[in-house]
Amino acid sequence: GNSVTQMEGPVTLSEEAFLTINCTYTATGYPSLFWYVQYPGEGLQLLLKATKADDKGSNKGFEATYRKETTSFHLEKGSVQVSDSAVYFCALDRTTDSWGKLQFGAGTQVVVTP
Amino acid sequence: GAGVSQSPSNKVTEKGKDVELRCDPISGHTALYWYRQRLGQGLEFLIYFQGNSAPDKSGLPSDRFSAERTGESVSTLTIQRTQQEDSAVYLCASSPYQAGKDAYEQYFGPGTRLTVT
């Protein structure tokens, strides 16, 4: 079945450091891939997405590239800020005939210190 | 504009009691989803409504769980005879149906934290 695996947290790093959160998936068909972010005390928000192989999603300085050959969608940011502290979830839509049903990874907590 | 709202924000109930959780989607969004987030885990899909189509209930963990939606508006998730393992945050999301254009972007509510004692 379809699944999403992302690196365990918490990930603690200093402001202006480089952030990578690994995400790999298994899926039938050609899923769309997403990163959602949950800031403390807030609801989940879509951060970025990619709908086909080699697409790059980007938003707020974050980037992720849909790599079909390695079934990965790693999230990166070149210089993090304290305000980036949050829980990040990698997700895919489950099957091509189940429109919109997202399957999530377990989430990775990121803590950025001044 | 108004986002997805959920009520109550917190619910504490005794084992064996029934609970109802409410979701108000963004106006005009035809699709509505319920997810469950257990502590330290990712979100589990529960149920999906799209317009007037039959709901996709494939994620409901047992027959104690049910959900209804009135047209394209409010939805309620009901858990009967609650168990301690039902303790989780229940999240609702909605999305507009726009085939081929941001069709998959879901907008999440703040969730209802359910604690079963």
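Residue positions are given per chain, counted from 1 along the sequence in the order it is written. Following the order in which they are written, the chains are lettered starting with A and the ligands numbered starting with 1. Only residues with pLDDT of at least 70 get local features here, since the model is predicted, and only at 80 or more are side-chain atom pairs given and counted; chain-wide, interface and lining totals rely on the full set of residues. Only hydrogens and water are removed before side-chain values are computed, so all heavy atoms of the structure are retained for them.

Topic: the sheet that holds strand β9 (residues 75-77) of chain A
Residue and element names in this part refer to chain A.
Right, on to step 1. Spatially, 4 strands are ordered β3-β9-β8-β7 in an open sheet, and the strand pairing comes out antiparallel. The two strands at the open ends of the sheet, each matched to only one other strand, are β3 (19-21) and β7 (56-59). Along the sheet, successive strands turn relative to each other by an average axial angle of 15 degrees, direction set aside.
Right, on to step 2. The pairing criterion for strands is at least two bridges between them, as found by DSSP. Working definition: helices are DSSP H or I runs of at least four residues, strands are E runs of at least two. Numbering for both runs from the N terminus. Across 3 bridges, the pairing between strand β8 (residues 62-65) and β9 is antiparallel. Looking at the pairing, Glu63 lines up with Glu76 of β9. For helices, the fitted axis covers only the stretch in contact; all axes are lines through C-alpha atoms, and the angles between them, taken along N-to-C directions, range from 0 to 180 degrees.

A look at the pattern of salt bridges
Right, on to step 1. Salt bridge, as used here: a side-chain nitrogen of Lys or Arg that lies within 4 Å of a carboxyl oxygen of Asp or Glu. Enumeration according to the criterion identifies 7 salt bridges over all chains in this entry.
Right, on to step 2. Between A:Asp55 and A:Lys52 there is a salt bridge, with its nearest N and O atoms 3.3 Å apart.
Right, on to step 3. In this structure, B:Arg36 and B:Glu44 form a salt bridge, with 3.3 Å as the shortest nitrogen-oxygen distance.
Right, on to step 4. With a 1.4 Å probe rolled over the protein chains alone, any residue whose accessible area is under 20% of its type maximum counts as buried; one over 50% counts as exposed, and the rest are partly exposed. Accessibility expressed as a relative area gives 3% for B:Arg36, which makes it buried.
Right, on to step 5. One salt-bridge network, held together by shared partners, links B:Arg36, B:Arg38 and B:Glu44.

Brief notes about the packing of aromatic side chains
Right, on to step 1. Working definition: rings of Phe, Tyr and Trp (its six-membered ring) pair if their centres are within 6.5 Å, and the pair is stacked with planes under 30 degrees apart, edge-to-face with planes over 60 apart, and tilted otherwise. Throughout the structure, instances matching the rule amount to 12 aromatic pairs over all chains.
Right, on to step 2. Aromatic pair B:Tyr33 and B:Tyr35: ring centres 6.3 Å apart, planes at 25 degrees, arrangement stacked. For the pair formed by B:Tyr33 and B:Tyr35, the shared burial category is buried.
Right, on to step 3. An angle of 5 degrees between the planes, with centres 4.9 Å apart, marks the rings of B:Tyr33 and B:Tyr48 as stacked. Taken together, the residues span a long stretch of sequence, with B:Tyr33 in strand β4 (residues 31-37) and B:Tyr48 in strand β5 (residues 43-50) at a distance of 15 residues. Considered together, B:Tyr33 and B:Tyr48 belong to a single accessibility category, that of buried residues.
Right, on to step 4. Counting every residue linked through ring pairs, the aromatic cluster contains A:Phe34, A:Tyr36, A:Phe89, A:Phe104, B:Tyr33, B:Tyr35, B:Phe45, B:Tyr48 and B:Phe108.

Structural measurements only, silent on function.
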